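This is what each chain is made of:
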Amino acid sequence: MNRRLERVLALSFRTALLSAAITAVAFAVISVTVVMFVDHALTDQVDRRLTTMAQRISQQTPSVFPPADLGEDGSFRFGPPVLAWVEYSNGNVLASDPTAPAPPAGSTTTPATVLEGGTDLRVVGVHVGADYVVLGQSMTSIASARSTIVLAELVVGSVLLIVVFFGALAVGRRVGAPIEIARQRQMEFIADASHELRTPLTVVEAQTSLA
């Protein structure tokens, strides 16, 4: 009986490992998909905000373009989390936040991610006459959300794999034990039947030899 249980336990253990491996692969694919979807959705939200603000700014005429009036609430006044840099034609630069990193080099009329001052910024630029306005938003919040999702997925994935492994192990032992016992009984029956048939065959063979 111990050998039967050992065999059942070994088979159940291998089945549990296989189930956990399949679950891990499936969960990893789903997790990566979720992270990519959330990251894309949050980035797209930032892009829409910056693009909308850039379009409104582009409709202003250079003669009524005071930087203090830039914003998205109708008064064109910027505030966190959106940053703004006004690059005048004479080379002067005015930032909406004095503590903000330097304005991105070059010009971009479509949203792009740049690294400025050790911070990832999503920026878009728009020309207003001879001046150039750069709008940007830090990607720190998106990175933080992504880290939170990854951490949550690691915790959930670990718990899920433990549950799947021990669940498959328990089910395997519960289902495999009766099957193994039935197999052993069948083998014992065949052995007993062979033994019972061997005796009369030996007698018949002996009598045949004497004859």
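See the structure shown above.
First things first, this report covers the structure right here in the doc. (Residues numbered from 1 in each chain as written. Predicted model: local features only at pLDDT ≥ 70, side-chain atom pairs only at ≥ 80, totals over all residues. Heavy atoms only, no water.)

### A word on a nonpolar patch on the surface
Phase 1: A contiguous nonpolar surface patch, about 370 Å² in accessible area, is contributed by Leu151, Val155, Val159 and Val163.
Phase 2: Mapped onto the elements, Val159 comes out in helix α2 (residues 140-210). (Patch = residues over 30% accessible without salt bridge, like charges linked within 9 Å, V, L, I, M, F, W, Y side chains within 5 Å. Areas by Shrake-Rupley, 256 points an atom, 1.4 Å probe, with all protein chains shown as cover. Salt bridge = Lys/Arg side-chain N within 4 Å of Asp/Glu carboxyl O. Helix = DSSP H or I, 4+ residues; strand = E, 2+ residues; numbered from the N terminus.)

### Comments concerning the packing of aromatic side chains
Phase 1: Across all of its chains, the model carries two aromatic pairs by this definition.
Phase 2: Where Phe13 meets Phe165, the ring centres are 5.7 Å apart and the plane angle is 90°; that geometry is what we call edge-to-face. Residue Phe13 is located in helix α1 (residues 2-58), and its partner Phe165 is located in helix α2; the two are separated by 152 residues in the primary sequence.
Phase 3: Judged by its relative accessible area of 40%, Phe13 is partly exposed. (Phe/Tyr/Trp six-rings, centres within 6.5 Å; stacked < 30°, edge-to-face > 60°. Buried < 20%, exposed > 50% of the residue type's maximum accessible area, 1.4 Å probe, protein only.)

### Section: the pattern of salt bridges
Phase 1: One pass over the full model with this rule turns up three salt bridges.
Phase 2: As a salt-bridge pair, Asp44 and Arg48 come within 2.3 Å of each other at their nearest N and O atoms. Of the two residues, Asp44 and Arg48 are both situated in helix α1; the distance of four residues between them amounts to about one turn of the helix.
Phase 3: The salt bridge involving Asp47 is made with Arg122; its shortest N-O contact spans 2.7 Å. Residue Asp47 is located in helix α1, and its partner Arg122 is located in strand β4 (residues 119-128); the two are separated by 75 residues in the primary sequence. Comparing Asp47 with Arg122 shows no difference in burial state: the two are buried.

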